[in-house]
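Each chain is listed here by its residues.
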Amino acid sequence: MPLYDYSCRACAHQFEALVRGAKVPVCPECKSEDLERLLSMPVVKSETTRSLIKRETKRRDQRQGAEQAHAQRLYEANHDD
Ligand SMILES: [Zn+2]
């Protein structure tokens with residue numbers, strides 16, 4: 001089921017909604033159906049995150065010995081998700 005970002009034209013509220021078939025979601029704030037579907041940002045974000053992780057991993061692999069252990073600790077401290 002696709003998850004889309006919507007912007008409400010009536011109250012400018014932005015929200016995400018799961019869309020099943022041709023069903024039109026309503027604004028959770030004002031119940032308006034006058035919505036604008038925004039570009040699918042989550043896909044773009046995950047692509048960016050993936051390439052960042054790849055770059056981070058490559059950089060880490062180039063480090064050796066104590067420096068590598070230090071970088072590992074820094075990486076874990078900054079990426080605890
Ligand atoms: Zn609204």
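Coordinates for the structure precede this section.
We now turn to the structure provided with this report. Note that the structure is a prediction, hence the values are computed from the model and not measured. (Residues numbered from 1 in each chain as written. Predicted model: local features only at pLDDT ≥ 70, side-chain atom pairs only at ≥ 80, totals over all residues. Heavy atoms only, no water.)

Applying the stated criterion to the full structure yields one salt bridge. Linking R9 and D34 is a salt bridge whose minimum nitrogen-to-oxygen distance equals 3.0 Å. Of this pair, R9 sits in the loop between β1 (3–8) and β2 (14–18) while D34 sits in the loop between β2 and β3 (35–37), and the two are 25 residues apart along the sequence. Classification of D34 by relative accessible area gives partly exposed; the value is 40%. (Salt bridge = Lys/Arg side-chain N within 4 Å of Asp/Glu carboxyl O. Helix = DSSP H or I, 4+ residues; strand = E, 2+ residues; numbered from the N terminus. Buried < 20%, exposed > 50% of the residue type's maximum accessible area, 1.4 Å probe, protein only.)

As a further point, take the coordination of the zinc ion. Here the zinc ion is held by C8 (SG), C11 (SG), C27 (SG) and C30 (SG), and the distances to it run 2.3 Å. In this structure, the zinc ion is surrounded by four donor atoms whose angles at the metal cover 106 to 115°, and the resulting shape is tetrahedral. Every donor residue of the zinc ion comes from the same chain, spaced as C-x2-C-x15-C-x2-C. Of this pair, C8 sits in strand β1 while C30 sits in the loop between β2 and β3, and the two are 22 residues apart along the sequence. (Donors = N, O, S within 2.8 Å, 3.2 Å for Na, K, Ca; no water. Tetrahedral: all angles 85-135°; square planar, octahedral: opposite > 155°, others 65-115°.)

Looking now at the nonpolar core. Membership of the largest hydrophobic core is limited to seven residues, which are Y6, C8, F15, A17, V19, C27 and L35. Every element with two or more residues in this core is listed here: β1 and β2. The contacts of C8, once residues within four sequence positions are left out, are H13, C27, C30, S32, D34 and L35. (Core = buried A, V, L, I, M, F, W, Y, C linked by side-chain atoms within 4.5 Å. Contact = heavy atoms within 4.5 Å.)

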